[in-house]
Amino acid sequence: MARRSPVSRAASPRRSAAANAKVQQLESSTDQPGDTTLTTNHGVAINDDQNSLKAGERGPSLLEDFHLREKITHFDHERIPERVVHARGSAAHGVFQVYKSLATLTKAGFLTDPGRETPVFVRFSTVAGSRGSTDLARDVRGFAVKFYTDEGTFDLVGNNMPVFFIQDAIKFPDLIHAVKPEPDNEIPQAASAHDTFWDFISAMPESMHMVMWLMSDRAIPRSFRMMEGFGVHTFRLVNANGTSRFVKFHWKPLLGVHSVAWDEAQKISGKDPDFHRRDLWEAIEEGKFPEWELGLQIVEEKDEFALGFDLLDPTKLIPEELVPVQRVGKLTLNRNPDNFFAETEQAAFHIGHVVPGIDFTNDPLLQGRLFSYTDTQLIRLGGPNFHEIPINRAIAPVHNNQRDGHMRQTISAGNVSYGPNTLGDNQPAQATAAAGGYVTFPEPLGGTKVRQRGASFFDHYSQARMFFRSQSAPEQQHLIKALRFELGKVKSPDVQERMVRHLAQIDKELASSVGRALGLTVPAKPAAPPNHSIPADGDPKNHQHRELADPTIVSSALSMTAHVPGPIATRKVAVLVADGFDAAGVAALTKALAARGAAAVLVGPHVGQVVADDNKGYAAAFSILTTSSVLFDAVAVADGPGAADWTRDVDAIEFVKDAYRHCKAVAASGEGIKLFRAADIPVDEPEGDRPADAATAVGDRFTPQVIKRFVTAMADHRLWAREPGLHLPI
Ligand code: HDE
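> Outline helix 11 (residues 473-488), listing residues and values.
Taking 1.5 Å per residue, 16 residues should reach 22 Å; helix 11 reaches 22 Å between its end C-alpha atoms and fits that length. Listing the buried residues of helix 11 in full gives Glu475, His478, Leu479, Ile480, Ala482, Leu483, Glu486 and Leu487. Next to the buried residues of helix 11 lie helix 4 (195-202), helix 5 (208-215), helix 10 (462-470), helix 12 (493-506) and helix 13 (508-518).

> Lay out the domain arrangement of the chain in plain terms, naming residues and giving numbers.
By the assigned domains, the chain splits into domain 1 (89-392), domain 2 (460-529 + 544-561) and domain 3 (565-722). The C-alpha centroid of domain 2 is placed 25 Å from the C-alpha centroid of domain 1. Taken together, the contact between domain 1 and domain 2 spans 37 residues of the former and 35 residues of the latter. When domain 1 packs against domain 2, close to 3,200 Å² is buried across both sides, 65% of that on carbon and sulfur atoms. The interface formed by domain 1 and domain 2 holds one salt bridge in total. Of the charged contacts in the structure, one is a salt bridge between Asp199 and Arg498, with a shortest N-O distance of 2.8 Å.

> Provide a residue-level description of the pairing of strand 11 (residues 572-576), including the pertinent values.
Counting buried positions along strand 11 yields four of five residues, so the element is predominantly enclosed. Here strand 11 pairs with strand 12 (residues 599-604) via five bridges, running parallel. Paired with Ala574 across the two strands is Val601, which belongs to strand 12. Read from strand 11 through helix 15 (residues 583-595) to strand 12, the crossover connection turns out right-handed.

> Which residues make up the packing of helix 10 against helix 11, and what values do they have?
The contact between helix 10 and helix 11 brings their axes to 8 Å, and the two run at 125°. For the element pair helix 10 / helix 11, the angle class is oblique. Residue-level inspection shows Phe467, Phe468 and Arg469 of helix 10 in contact with helix 11, the latter providing Gln476, Leu479 and Ile480. Per-class residue counts for the contact of helix 10 with helix 11 are four nonpolar, one polar and one charged.

> Please give an account of the site of the ligand that cites residues and values.
Lining the immediate environment of the ligand, one finds 24 residues, of which Arg83, Arg123, Arg369, Tyr373 and Gln377 sit closest. Take Tyr373: an N or O atom from its side chain is 2.7 Å from a nitrogen atom of the ligand. Interatomic distance of 2.7 Å between a side-chain N/O atom of Gln377 and an oxygen atom of the ligand. Where the shell around the ligand is concerned, the elements lending two or more residues are strand 3 (141-149), strand 4 (152-159) and helix 9 (364-380). Its residues placed into classes, the shell around the ligand shows 12 nonpolar, nine polar and three charged.

Rules used throughout
Residues numbered from 1 in each chain as written. Predicted model: local features only at pLDDT ≥ 70, side-chain atom pairs only at ≥ 80, totals over all residues. Heavy atoms only, no water. Helix = DSSP H or I, 4+ residues; strand = E, 2+ residues; numbered from the N terminus. Expected span 1.5 Å × (residues − 1). Buried < 20%, exposed > 50% of the residue type's maximum accessible area, 1.4 Å probe, protein only. Contact = heavy atoms within 4.5 Å. Domains from an automatic or database assignment. Buried area = accessible area lost by both parts, 1.4 Å probe. Salt bridge = Lys/Arg side-chain N within 4 Å of Asp/Glu carboxyl O. Pairing = 2+ DSSP bridges. Right-handed = clockwise from strand over helix to strand, strands pointing away. Axes fitted to C-alpha atoms, helices over the stretch in contact; angles between N-to-C directions. Parallel < 35°, antiparallel > 145°, perpendicular 65-115°, else oblique. Nonpolar A, V, L, I, M, F, W, Y, C, P; charged D, E, K, R; others polar. Near = heavy atom within 4 Å. Polar contact = N/O pair within 3.5 Å; in protein donor to acceptor, adjacent residues only side chain to side chain.

Next up, the structure:
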C-alpha cells in the first residue's frame with residue numbers, strides 16, 4: 001500500500017498561500033503511485049517487462065529491444081557524485097513562522113510578518129562519511145535550512161556547533177583531505193581518529209576551539225531533533241532604513257540538547273546505522289513534529305570591537321552570557337520527502353542565497369563559501385539549471401535573461417534575452433529598493449591587497465579553555481576520553497606530542513589526563529605550527545579577550561547537562577516482557593509514559609504475541625535478537641514467571657547491562673529484578689532495599705513510586721554520575 005504522509009498534499013486553508021504553493025509545485029512534479037500502465041520514458045505502453053527480446057527462446061538478445069536498452073541505460077546513469085562533504089544526510093519539509101515583527105532589525109518579509117508561514121526544507125548531515133556511512137560517527141552535523149520566502153530563497157547553511165576548524169576558506173580543502181579516509185587505502189570511513197586528521201589539526205592552533213566541540217558529546221547527538229543549530233559566521237541584518245546590525249543565528253530544539261555515550265554510539269553504528277535518519281522519519285510519520293526556535297544574538301555596529309575577539313573570526317562564538325539569544329520564531333518539520341533522491345539528494349543549499357534584509361560580513365571563511373556552493377552543484381547536479389529541479393525552485397517568481405544549458409526546463413518565449421532592451425519593453429525590469437530589489441549594505445572598505453590575517457584572529461586558546469571549563473565534570477571526562485581514544489589511534493608520536501602541547505595551553509589537567517593515556521608527559525611550551533604564516537598563539541599578549549583567558553570564566557550555555565531536566569516527549573522505552581508478564585503493571589507504566597508523550601515498546605523473547613497474566617496476547621514489536629537497548633532511551637523489565645528465563649539469555653543480560661552502562665534510566669519489577677542481578681546491576685544497598693542510584697527503579701510491582709522514579713530519571717536524560725563506579729560491577 002502506498003505510504004500516506006500525515007500532512008495532506010491538497011491545498012489546505014491551514015497552510016499559508018506560500019506553503020501551499022510549494023507543496024503544489026512539488027506535487028506537480030510527483031509521479032503518485034496508483035493504477036497506472038507501465039510505459040517507456042516516451043509514453044509507449046509496455047507489454048512484457050519480464051523477458052528481453054531474443055532471436056529464439058535460447059538466442060541472443062536483439063539490439064532492437066528499445067525497452068531493454070532504455071531501462072538499462074537509465075539504470076547505468078542513476079547515480080550522481082555524492083557531496084564532497086556532508087554526503088550522508090536526511091531531510092524533511094516544514095514551515096517557519098516568526099513570533100512578532102522584527103522590522104526594527106530587518107526588512108526580510110519572512111521575519112517581519114508574524115502571519116506568514118514560510119515553507120522550509122531542512123537537511124541534516126554528517127560531514128566526513130560517505131553516503132552509506134553510519135549516522136553515529138563522531139562528527140560535526142550539518143543543519144541546512146532552505147526558506148522558500150516570498151522574496152526569494154534564503155538558505156541558512158549551518159552546523160550543530162557554533163564555531164569552525166579554520167579561519168580562512170583557503171584551508172578548507174586541506175582540512176577535508178586530512179579528515180576524509182586516507183587516500184592510499186581509503187581507511188577509516190567516517191572517523192577522525194587517524195593520523196592525517198590529527199597531523200593537520202596539530203599544525204593548526206586555530207582549530208583548538210572546534211576540536212573541543214568535536215571531542216565533546218555534541219559530536220554524537222541522540223537525535224537530529226535534539227541538536228542545536230548555528231549559522232556559525234556573523235551575518236548582518238539590515239532594516240528598511242538601511243541600518244545594519246551584526247547577527248549570529250541559532251536554532252534551539254524544544255526537546256532539549258542531548259547526546260548518547262561513545263560506547264553506545266559505536267554500538268548503534270552496528271545495530272542501526274540509520275538511527276538518526278529513522279528517528280527523524282518516524283517522528284514525522286507519527287505526527288511528533290520536531291520543533292526549533294530561531295534565536296538571534298544581535299550586536300550593534302558600534303560594538304563591533306567591544307567583545308574582545310573578532311566577530312569576523314569563525315573560530316569564536318559570542319558567549320550567551322555576553323549577548324543573550326533572543327528567540328524570535330519557530331521552525332516545525334511536518335512532512336517527510338516523497339523521494340529521497342529527488343528531494344534530499346538533489347537539494348542544493350548555498351550560503352549565498354540571501355534575501356533583502358540579510359547580508360554578509362567579511363568573515364574570510366564565509367567569503368570562500370560564497371564561491372563554493374554553486375560551483376559544487378555544477379558538477380554534482382550536472383549543469384547550471386539545478387535551480388529548476390523542483391526541490392530547488394523558488395516560490396518567488398523567477399524572471400531573467402539567463403538561457404539554455406544542460407537540462408533546461410523553462411521554455412523562455414520571445415526573441416529578447418538581454419537587457420537593457422527596447423524590443424521587449426526593457427523587461428524583466430530591475431526592482432527599486434522600495435519595490436524589494438536587493439541592495440547590498442554599503443559597507444565602507446579600503447585597504448591594501450595582502451595575504452594576511454589580522455592580529456585580532458590570533459587568540460586560539462581562550463575560547464577553547466572557556467568551552468572545556470564550562471563543561472560539567474562528566475562532560476569533561478567524556479571529552480578527555482574522546483581525545484584519549486582518537487589520539488590513541490594515531491600512530492605518529494610526534495603528532496600526539498604536538499596535540500598534548502596544544503592541550504596544555506587549554507588546560508593543564510586536560511593535557512596531563514590525555515598525555516597519561518598516550519604515555520607522554522606534558523611539555524610546557526605550546527606547539528609551534530610548521531607554517532610561519534599561521535600564528536602560534538600561546539603568548540598572552542595575543543589574548544584579546546582577557547576575561548575569556550581568565551580560568552574562572554565559564555558559560556553555562558555551553559554545557560548540555562546544565563539544562564536538564566527536560567521533556568521526555570517522543571522518548572522510547574523498551575519494556576522486556578516474557579510469558580505471564582504483569583499486564584496491569586506494564587499498562588500502568590505505558591500510561592504514565594504516554595501521558596508525557598513517551599512510548600513503551602514491548603520487547604519479547606520472540607516477535608509476535610506474548611501472553612500476559614491476564615491470558616491476553618500482546619504484540620512484541622521486537623525480540624531480544626532484533627533490537628538492542630542502545631536504540632532506546634530507557635529500559636524496564638516486567639515481572640512474570642517467564643522473566644526468570646532472561647537470566648539465562650546472554651542477549652537479555654547484554655541488553656540491560658548496556659542500558660545501565662550508558663547511564664539510562666532502568667526499572668524492573670518482581671522477577672524482572674533477577675535479570676538486573678544477573679547483569680551485575682546494583683539493586684541492593686547496605687541500608688536495605690533502597691535502589692542503588694537515582695536512575696535505577698525497582699520494586700515488587702510497577703507501582704506509582706517506581707514509575708515516578710523511572711520517569712523522573714528519564715527527564716535527566718542520563719545519570720552520568722553512575723560512570724565513575726562502572727568499572728566495579730560491569
Ligand atoms: Fe560547507 N560545503 N563549506 N560548511 N556545508 C558543502 O556544498 C564549503 C562550512 C555546510 O545539506 C558543499 O552542496 C567550503 C561551514 C553544510 O546539502 C560544498 C567551506 C559550515 C553543508 C561546501 C565550508 C558549512 C555543506 C558540499 C569553507 C557551517 C551540507 C555539497 C570555506 C556554517 C548542505 C554542497 C546540504 C556543504 C563547501 C565550510 C555547512 C563543497 C568551501 C563553516 C550544512 O560546497
